[in-house]
Amino acid sequence: MATEIEFSFAALSGPARRHIRVFQTHQFLDRFAMGLTVAVVALALTDRGMDLFQISLLFGVYSLTTMTMELPFGGLADSIGRKPVFLTAVVASLISLALFLSTSDFYVLALSFAFIGFGRALRSGTLDAWFVETFKAAAPDVDVQPALAKAQWANAVGLAVGAVLGGVLPDIFGKVAKGLGFSIYDVSYVASFGVMLGVLVFTMLAIVENPRPKNANALKHGFANVPLVIKDAGLLAFKHPALAVLLASLAFFLMATNPVEVIWPTHAKPMLDEAYANTVIGVVTATYFFSIAFGASLSPRISRIFRRRHAMTLAATFACLASVQIALALQGSIIGFVTVFVLYSVILGVSETPASSILHRCVEDRQRSTMLSLRSLIQQLGAALGLVLAGAVAEIYSTPIAWIVGAVFLLIAVILTLVLAKRLAAEADS
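Calculation rules
- Residues numbered from 1 in each chain as written.
- Predicted model: local features only at pLDDT ≥ 70, side-chain atom pairs only at ≥ 80, totals over all residues.
- Heavy atoms only, no water.
- Helix = DSSP H or I, 4+ residues; strand = E, 2+ residues; numbered from the N terminus.
- Buried < 20%, exposed > 50% of the residue type's maximum accessible area, 1.4 Å probe, protein only.
- Contact = heavy atoms within 4.5 Å.
- Areas by Shrake-Rupley, 256 points an atom, 1.4 Å probe, with all protein chains shown as cover.
- Expected span 1.5 Å × (residues − 1).
- Polar contact = N/O pair within 3.5 Å; in protein donor to acceptor, adjacent residues only side chain to side chain.
- Salt bridge = Lys/Arg side-chain N within 4 Å of Asp/Glu carboxyl O.
- Phe/Tyr/Trp six-rings, centres within 6.5 Å; stacked < 30°, edge-to-face > 60°.
- Axes fitted to C-alpha atoms, helices over the stretch in contact; angles between N-to-C directions.
- Parallel < 35°, antiparallel > 145°, perpendicular 65-115°, else oblique.
- Left-handed = near helix turned anticlockwise from the far one by under 90°.
- Core = buried A, V, L, I, M, F, W, Y, C linked by side-chain atoms within 4.5 Å.
- pLDDT = per-residue confidence, 0-100.
- Patch = residues over 30% accessible without salt bridge, like charges linked within 9 Å, V, L, I, M, F, W, Y side chains within 5 Å.
- Lys, Arg positive; Asp, Glu negative; His and termini not counted.
- Charge placed at Lys NZ, Arg CZ, Asp CG, Glu CD.

**Q** Lay out the overall build of the protein with the relevant residues and their values.
**A** Helices and strands together make up the secondary structure of the protein, namely 16 helices and zero strands. Of all 430 residues assigned to the protein, the portion counted as buried reaches 52%. Restricting to contacts in the protein with at least 6 residues of sequence separation, those with at least 24 account for 84%. Counting every atom, the protein has about 18,800 Å² of accessible surface; 68% of that belongs to carbon and sulfur.

**Q** Please set out helix α5 (residues 106–123) residue by residue, giving values where relevant.
**A** Here α5 spans 26 Å end to end across 18 residues, near enough to the 26 Å set by a 1.5 Å rise per residue. Of the positions making up α5, those classed as buried are Phe106, Leu109, Ala110, Ser112, Phe113, Ala114, Gly117, Gly119, Ala121, Leu122 and Arg123. You can read the cap of α5 off the contacts: a side-chain oxygen lies 3.0 Å from the backbone nitrogen of Tyr107, and it is on Asp105.

**Q** An account of the pattern of salt bridges is requested, with residue identities and associated values reported.
**A** Within the structure shown, the criterion is met by three salt bridges. For Asp30, the salt bridge goes to Arg31, with nearest N and O atoms at 2.6 Å. Owing to a relative accessible area of 17%, Arg31 belongs among the buried residues under this scheme. The salt bridge involving Arg48 is made with Asp186; its shortest N-O contact spans 2.9 Å. With Arg48 in the loop between α2 (41–47) and α3 (52–80) and Asp186 in helix α8 (residues 186–206), the pair connects residues that are 138 residues apart, well separated along the chain. According to the relative accessible area criterion, Arg48 is buried, its value standing at 9%.

**Q** Run through the packing of aromatic side chains, naming residues and quoting values.
**A** Scanning the entire structure with this criterion turns up nine aromatic pairs. Their ring planes at 70° and their centres at 6.3 Å tell us that Phe115 and Phe118 sit as a pair that is edge-to-face. Linking Phe115 with Phe118, this pair stays in helix α5, spanning three residues, or about one helical turn. Each ring, one from Phe337 and one from Phe341, has its centre 5.8 Å from the other, and the planes form 10°; the classification is stacked. Of this pair, Phe337 and Phe341 both sit in helix α14 (residues 334–362), four residues apart, roughly one helical turn. Classification of Phe337 as buried rests on a relative accessible area of 0%. Judged by relative accessible area, which is 1%, Phe341 ranks as buried. Among the aromatic side chains, those forming a connected cluster through ring pairs are Tyr288, Phe337, Phe341 and Trp403.

**Q** Would you mind going over the packing of helix α1 (residues 14–38) against helix α6 (residues 127–138) in detail, with residue names and values included?
**A** Here α1 crosses α6 at 165°, and the two axes come no closer than 9 Å. Classed by the angle they form, the pair α1 and α6 counts as roughly antiparallel. Crossing of α1 against α6: the hand is left-handed. Residues Ala16, His19, Ile20, Phe23 and His26 of α1 touch α6, and the partners they reach there are Leu127, Asp128, Trp130, Phe131, Thr134, Phe135 and Ala138.

**Q** Quick one: what's the story with the nonpolar core, residue by residue and with numbers?
**A** Ranked by size, the top nonpolar core spans 59 residues in total, and within it Leu246, Phe253, Trp264, Phe318, Leu321, Phe341 and Trp403 carry the most contacts. At the level of secondary structure, the elements contributing two or more residues to this core comprise α7 (145–179), α11 (241–268), α12 (277–305), α13 (310–329), α14, α15 (368–396) and α16 (399–429). A per-element tally of this core places α11 first, with 14 residues. With residues near it in sequence (within four places) discarded, Leu246 still touches Leu314, Ala355, Ile358, Leu359 and Leu420. With 32 residues, the next largest nonpolar core counts Leu12, Phe23, Leu94 and Leu169 among its residues.

**Q** Give me the environment of Phe290: which residues, what numbers.
**A** As for its position among the elements, Phe290 is in helix α12. In this structure Phe290 comes out as partly exposed when scored by relative accessible area, which is 37%.

**Q** Describe the confidence of the model for the protein, with residues and values.
**A** Mean pLDDT for the protein: 80, with 82% of residues reaching 70 or above. Considering each helix and strand of the protein separately, the mean pLDDT is smallest for helix α9 (residues 218–224), with a value of 60, and largest for α8, with 93. Considering only residues more than four positions removed or in separate chains, one finds that residues 1–5, a stretch of pLDDT under 50, has 14 contacts.

**Q** Describe a positive patch on the surface, with residues and values.
**A** A contiguous patch of positive charge, built from Arg21, Lys150, Arg301 and Arg304, is present on the exposed surface. With respect to the helices and strands, the residue Arg301 is situated in helix α12.

**Q** Please set out the environment of Val144 residue by residue, giving values where relevant.
**A** Mapped onto the elements, Val144 comes out in the loop between α6 and α7. Classification of Val144 as buried rests on a relative accessible area of 2%. Taking the C-alpha atoms as reference, Val144 lies 7.3 Å from Val132; in sequence the two are twelve residues apart. The contacts of Val144, once residues within four sequence positions are left out, are Val132 and Phe135.

The structure is reproduced here in structure tokens:
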């Protein structure tokens, strides 16, 4: 494996620096549009008459659609190009928002959530692969992790700013919306629709990709070849054992952390005064995204401490997460909870780019999108299994017990990443 040059933004060529800035801007706008609805989605569904069981079913529709569509569309991006697939994802997001705004019917809302999952599947492994491939062409042999960290920073900041604004807009324009016969939370969805239109235009104008040969049967073949895609991706993982170990560790990582990310508002809200509980939850949601962004910015520095041995960085990060997750479960006051939760979020941000760097170094361009989609699919499965298990444990015992049980999965992930570190070291020496 070739030695990578340490990243220096100032030393990069003009095209490489511009490439990073364009991708940062794109990631910010795309996640900003999503963030506008993140803080209010549960409130908006409740305002439409949905109970908690129906809300969980809607998110189940989203997860099922995402998992079903991941691999076919990952392969499609590899065959017809990343840009057209991403543009289709934006259109799917616009349809989802339009459906949501148009109805209070459960089944139409389910269709809206299906389009969200469809858009998520289309996004997975598209422009990330485009970014890495174009960056490698513009800056050969330069360590890509710090460039990915810059994109992750823009990603998380976009979500955070969107979450803050998404919570504020209903308070400012809610009365106007109600006067027109809409929900106060529809204001945030309308704003998201407008920003998503901006993402569509920006993608068309700023993202440059060499056109690939048109294939009218690409989509049909994408679905027909799903078993083959799974077989090829699986064979690649088995041929490169480091990939298999990485994917397994990420599955356990999501089994532990996804229940915390989903359930925490229901655990924290009873600690708050009812008069301002939702406002605080919204602020903490934004803080969560900002903390992830801060963690992403720290990732290259932490990686240097481990001499850019990304697997060792990941193992240390997972170990810290396990300890902090247990500490979070033991908090009984809102001040203590928020303090530990911010630390937890920072460590989550640190964890993203080491894993991505390992994966991108282990695959070739022709299979990059497919492997990114396989990674996303495995993470979705891990997250779903973890959430089901945590929900059952929380129902029988309590949410803190569920989180402590989840920390065990993080310890398994630590063991797997230490095995991964040994494999990568052996490959580097061979």
